[in-house]
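Chains, contacts and geometry: an overview
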Amino acid sequence: MSEPDSIPEPRSRDVLLAFVMGLWLALLQSAHFFLLEVRLSSRAGSFFIALFCWLAGFLGGLNFGSPRRLPWFVALAAVGYHAAYALLDWRPYQWSVLPGVAVCIAVGGLAAGAFFPALEPRFGRVRSLLFHENNGYVLGLFLALLGCVFAGRALLVGAPAVGALTVLLLLRRVQLDSPVPPAPPTAPGAGSGAGAHAGA
């Protein structure tokens, strides 16, 4: 059974955006985790709190994400991270700041969730979008671990903001609210010929 001809092929800049977005999300998420470990508590509870808040924001992003909103969510995620950094720098090891930090983490998850409905129309297949985003995410996790070992402060201070700026520049170049490019036409008889060959 052949796939529909109307499914668009992602352009190279769309693939690059998905990859870089995955890389940045891994750095942002890891920075939140490491920040809680360093400035609040190294217990497992802080990890699960961050994970819960991230997933809560992610679900919100899935429901409210759109091409026009995604750049705002990315910018807010970077601002939210540095707000969390400032809170924990102001009152380290004080659980009283946790509600504010939790909101900041959820804002990061909001950008992660909004990414998928915003880019899915440009890929046509969710699995293709996930493939490129996951490749970037894996690389981001690797870089986050290296940064934690060799450049911990630089990772916590700079990576989320630099990554967000890179994503915003790519979003400006891709222009998600522009029409999705059509799929290339299929040669007449190509599908039937392939089917006849498979049947033979």
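Presented here is a report on the structure given in the accompanying data block. (Residues numbered from 1 in each chain as written. Predicted model: local features only at pLDDT ≥ 70, side-chain atom pairs only at ≥ 80, totals over all residues. Heavy atoms only, no water.)

**Brief notes about the overall build of the chain**
Scanning the chain from terminus to terminus reveals 7 helices and 0 strands. Put simply, the chain runs from its N terminus to its C terminus through helices and strands in the order α-α-α-α-α-α-α. Residue burial in the chain is summarised as follows: out of 200 residues, 40% are buried. Taking as baseline every contact in the chain between residues at least 6 positions apart, the subset at least 24 positions apart corresponds to 86%. Of the roughly 10,900 Å² of accessible surface on the chain, a fraction of 68% belongs to carbon and sulfur atoms. (Helix = DSSP H or I, 4+ residues; strand = E, 2+ residues; numbered from the N terminus. Buried < 20%, exposed > 50% of the residue type's maximum accessible area, 1.4 Å probe, protein only. Contact = heavy atoms within 4.5 Å. Areas by Shrake-Rupley, 256 points an atom, 1.4 Å probe, with all protein chains shown as cover.)

**A few points about a nonpolar patch on the surface**
Together, Leu-139, Phe-142, Leu-143, Leu-146, Val-149 and Phe-150 make up an exposed nonpolar region whose accessible area comes to about 600 Å². Looking at where Phe-150 falls in the secondary structure, it is placed in helix H5 (residues 126–150). Judged by its relative accessible area of 70%, Phe-150 falls in the exposed class. (Patch = residues over 30% accessible without salt bridge, like charges linked within 9 Å, V, L, I, M, F, W, Y side chains within 5 Å. Salt bridge = Lys/Arg side-chain N within 4 Å of Asp/Glu carboxyl O.)

**Observations regarding the pattern of salt bridges**
The tally for this structure, following the rule as stated, stands at 3 salt bridges. Note that Arg-11 and Asp-14 form a salt bridge whose closest N and O atoms lie 3.5 Å from each other. A salt bridge links Arg-122 to Asp-14; the nearest nitrogen and oxygen atoms lie 3.3 Å apart. A residue pair is termed long-range when its members are at least 10 positions apart, and Arg-122 in helix H4 (residues 98–123) and Asp-14 in helix H1 (residues 12–39) qualify at 108 residues. For Asp-14, a relative accessible area of 1% translates into the label buried.

**Here we look at the packing of H1 against H4**
Where H1 meets H4, the closest approach of the two axes is 11 Å, and the angle between their N-to-C directions is 165°. Judged by the angle between their axes, H1 and H4 are roughly antiparallel. Relative to H4, the crossing made by H1 is left-handed. In this structure, H1 uses Asp-14, Val-15, Leu-17, Ala-18, Met-21, Trp-24, Leu-25, Leu-28, His-32 and Leu-36 to contact H4, whose residues at the interface are Val-101, Cys-104, Ile-105, Gly-108, Ala-111, Ala-112, Phe-115, Leu-119, Arg-122 and Phe-123. Among the residues making up the contact of H1 with H4, the classes are represented as 16 nonpolar, 2 polar and 2 charged. (Axes fitted to C-alpha atoms, helices over the stretch in contact; angles between N-to-C directions. Parallel < 35°, antiparallel > 145°, perpendicular 65-115°, else oblique. Left-handed = near helix turned anticlockwise from the far one by under 90°. Nonpolar A, V, L, I, M, F, W, Y, C, P; charged D, E, K, R; others polar.)

**Regarding the nonpolar core**
Core analysis: the biggest nonpolar cluster contains 51 residues, and Met-21, Trp-24, Leu-70, Val-74, Phe-115, Leu-119 and Val-167 have the highest contact counts within it. Elements that contribute at least two residues to this core include exactly H1, helix H2 (44–64), helix H3 (70–90), H4, H5 and helix H6 (152–174). Residue contacts for Phe-115: discarding those within four places in its chain leaves Ala-18, Met-21, Leu-70, Leu-129 and Glu-133. (Core = buried A, V, L, I, M, F, W, Y, C linked by side-chain atoms within 4.5 Å.)

**Digging into H2**
Taking 1.5 Å of rise per residue, the 21 residues of H2 would be expected to cover 30 Å, and the 31 Å separating its terminal C-alpha atoms lies within 8% of that figure. Tucked inside the fold, the buried residues of H2 contact H1 and H4. (Expected span 1.5 Å × (residues − 1).)

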